[in-house]
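# Residue-level structure breakdown
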Amino acid sequence: MSTAEFFDATPELQTIRQWARARYAAEWAVFGGVLLRVAATTGPEVQLPGVIGGRASLNLLCAFVAPSGGGKGISDKVARLAWPAPIVERPIGSGEGIAATFVPPKKEGVEPITKAIINVPEIDTLAGIASRQGSILLAQLKSAAMGEQLGQANSSEATTRIVPAHTYRLCMSVGAQPAHTGVLFNDTTGGTPQRFLWFLTTDPDMPADITPDPEPLNARLPFWRPEADGVIEIVYGPPEITEMIIGAHIARQRGQEDALDGHAMLTRLKVAACLAILHHRGVVSELDWQLSGVVMEVSNRTRDWVVAESKKADRRKIRDRAISRAVGEEAVDLRRLTTVRKRIISVLADGDLAGGKLRAALGRREYRELFDQAVMSLENEGQIVADSSGPGTRYALFQGLNTEHSVQPTYPLVRGDEQGMNIEQWASIAHAAPESTGRTEVQGLKPQVGDGVPPVQGVPLAALLYTVPDGHPGPSRTCREWFERHVRGLIENGHTTVDSDSVYTAGQDAGWNLQNLRKVASKSTLVGTAEKRADGTALWNIGEEATDTWISAPQWLLDFLRAHGGWVRASEVHAAAQADPNGPERTSLKSAARAAYVQKRGSSIATEWCLDPSHEQESA
């Protein structure tokens, strides 16, 4: 079966395509969203049979990728309309927080959560959490994809969270741009990207016709008949499925499969089972198996495209940094050439001099290396004259040259305040006017000698000539201008969050000082703190009038104690902080508890905390 025939295979798949066209979403992305919701509708007792080893979970992970603004959020909304089953949805938190979602509640009358979708609209959020020191997020995701045991055992019962295997249904939806998927592909050997299905949220064949919304899919589940142990096993109809499972397992044992295809068979079995459930069957049919093969072909093709785009982005970064370094080195050479020219004029002000002695008078070796280039440019400009009639060459100032003013070259080397020139501005100069152009004007800079003067021999014309067109915005003249231009570019590309370290790295690559970048960021209205990390980096909210959503450990503790009132066990406070995605780390919470407004009593595991009433009076 081909991909073109896929959505015509069954009425249910036709309905998914109709929903995609009615709401102008990519049909494969909508299908992936529906498949994810089908899996999340089934309980954890529904499992794949144990052909190799034990039974397997239907827990499903999907990545929806496209360039910025490619419709990742649209396809998710349309999938909700197409499969209108009630499903618990949660944002991403820490690895410990994932386990906490499924831990049975301690309060009576509260229903436990056994099925949930974890939504990650921006993969940068996932990357930020995974980069924390000691983060177990990726490890927990890999365990969750297999339905394995989650959580951790701590010394305190209050902070111990253990979720037994196959007692939960976890599905995850991740939205990503290709260049930002490193958090997943950097763990290829660990098996993280292999556990995901990959769907593009763009569709080059999307029709522009107005199509009415179809009826939603029937979200009821098949009639299940559990085994004696309460497990409902999906049945494989065609015998070839079992044969292929065994063949794929033997190939893996013999090391014959590519690293990115290590979990391909299990992922296809999950897709086939979810397709059967979508069509209200508990048995995987021959058609389900063929359809699952098409889905895997689309997923693998999308994943290969993401890998290729990521490599292109990496090569662009390496190239841009190399260009920045090269331009910076050329800027240094041009500054040195200016210094050499000035020294030659200064030395010749006392009288003519032989070439050897004039070269030696320059002092430093790097200045002497530029001697020939400097004297040739000065001679071409008519500022000095060379006499080669006798033995060797003697140099003298051109008669009437005013040496009381600094020597200006016929090309712009540096601004009036040399320290203000950064790499980005040199890159603008190096962008070059056409070689036929005789102008030597740079924005804000005028040559000393007029237009039409030939350039300095040995210096690339692209670095010397630069014509400013009308309306040219010019390079960023201040660190603040660069910062705001960079952040606004991210906002225009659809980003809502960004890692502070990536912005600082880009700023330093552009030639700005890290301290200045941090100062500008602290005063900018375009960024707000979403998270602070132990290594000093942060995740920023970005947008016009961005606000801080991060809560400091002292403020979190203050709010918690104020809300509960009276004495609270310290272990309960730590447990609440770990369960809260925005809660502080244990060490930060301990430091916050040393504040003057927290009273303490008891010791060891019996320690209790209470808000000091005097602090409330002072705050009032």
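Up top is the structure.
In short, a report on the structure. (Residues numbered from 1 in each chain as written. Predicted model: local features only at pLDDT ≥ 70, side-chain atom pairs only at ≥ 80, totals over all residues. Heavy atoms only, no water.)

Now for helix α5 (residues 95-102). Taking burial as the measure, the 8 residues of α5 include 7 buried ones, the bulk of the element. Within α5, the full set of buried residues consists of G95, G97, I98, A99, A100, T101 and F102. (Buried < 20%, exposed > 50% of the residue type's maximum accessible area, 1.4 Å probe, protein only. Helix = DSSP H or I, 4+ residues; strand = E, 2+ residues; numbered from the N terminus.)

Over its 14 residues, helix α17 (residues 479-492) extends 20 Å from the first C-alpha to the last, a length consistent with the 20 Å expected when each residue adds 1.5 Å. All buried positions along α17 are accounted for by C479, W482, F483, V487 and L490. Along the long axis of α17, the arc covered by the buried residues comes to 120°, so they all point the same way. Turned more than 90 degrees away from the buried face of α17, the exposed residues are R480 and E492. Just downstream of α17 lies G494, where phi reads positive at about 95°. (Expected span 1.5 Å × (residues − 1). Arc of directions from axis to C-beta.)

Another point: the sheet that holds strand β14 (residues 394-397). If you trace the 3 strands from one edge of the open sheet to the other, you get β12-β14-β13, paired in antiparallel fashion. Two strands lie at the open edges of the sheet, namely β12 (353-354) and β13 (384-387), each paired on one side alone. Together, β13 and β14 form the strand contacts of helix α14 (residues 371-380), whose direction differs from that of β13 by roughly 110°. (Pairing = 2+ DSSP bridges. Contact = heavy atoms within 4.5 Å. Axes fitted to C-alpha atoms, helices over the stretch in contact; angles between N-to-C directions.)

This part covers the packing of aromatic side chains. Where two aromatic rings form a pair, the distance of their centres and the angle of their planes describe that pair. Across all of its chains, the model carries 15 aromatic pairs by this definition. Consider the rings of F196 and W198, whose centres lie 6.1 Å apart with planes at 50°: the pair is tilted. Each member of the pair F196 and W198 is classed as buried. Aromatic side chains Y504 and W540 sit 5.5 Å apart centroid to centroid with 90° between the ring planes, which places their arrangement in the edge-to-face category. Taken together, the positions of Y504 in helix α18 (residues 500-509) and W540 in strand β17 (residues 538-542) put the pair 36 residues apart, joining distant regions of the chain. (Phe/Tyr/Trp six-rings, centres within 6.5 Å; stacked < 30°, edge-to-face > 60°.)

With respect to topology, 5 strands assemble into an open sheet ordered β3-β4-β7-β2-β8, the strand pairing being parallel. The open sheet has two edge strands with one neighbour each: β3 (89-91) and β8 (196-200). Neighbour-to-neighbour, the strand axes of this sheet turn through a mean angle of 25°, independent of strand direction. Note: strand β4 (residues 115-120) against strand β7 (residues 169-176), 6 bridges, orientation parallel. Within β7, the residue paired with V120 across the bridge is V174. Sitting on the sheet, helix α3 (residues 27-41) touches β2 (61-65), β3, β4, β7 and β8, and the angle it makes with β7 is about 160°.

Turning to its location among the elements, H495 is positioned in the loop between α17 and β15 (497-499). The class of H495 is buried, set by a relative accessible area of 7%. Each residue touching H495, except ones within four places of it in the same chain, is listed here: D124, Q177, H180, L490 and I542.

We now examine the state of the cysteines. This model, assessed by the stated rule, comprises 0 disulfides. C171 supplies the cysteine sulfur nearest to C274, a cysteine that is in no disulfide, at a spacing of 7.3 Å. Exposure remark for C274: the relative accessible area of 0% places this residue in the buried category. (Disulfide = S-S within 2.5 Å.)

A surface patch of nonpolar side chains, amounting to about 270 Å² of accessible area, comprises V51, I52, I246 and I250. If you trace the backbone, V51 turns up in the loop between β1 (46-47) and β2. Residue classification places V51 among the partly exposed residues on the basis of a relative accessible area of 30%. (Patch = residues over 30% accessible without salt bridge, like charges linked within 9 Å, V, L, I, M, F, W, Y side chains within 5 Å. Areas by Shrake-Rupley, 256 points an atom, 1.4 Å probe, with all protein chains shown as cover. Salt bridge = Lys/Arg side-chain N within 4 Å of Asp/Glu carboxyl O.)

Another point: the pattern of salt bridges. One pass over the structure, following the stated rule, counts 20 salt bridges. Residue E89 pairs with R80 through a salt bridge whose shortest N-O separation is 2.7 Å. For E89, a relative accessible area of 23% translates into the label partly exposed. Using a relative accessible area of 30% as the deciding quantity, one classes R80 as partly exposed. Salt-bridge contacts for E366 lead to R364; the nearest nitrogen and oxygen are separated by 2.5 Å. In the salt-bridge network here, residues are joined through shared partners; they are R37, D76, R80 and E89.

Okay, the pairing of β8 next. Taking burial as the measure, the 5 residues of β8 include 4 buried ones, the bulk of the element. Bridging between β2 and β8 involves 5 bridges; their strand directions are parallel. Residue C62 lies in a different strand from β8, and its bridge partner there is L197.

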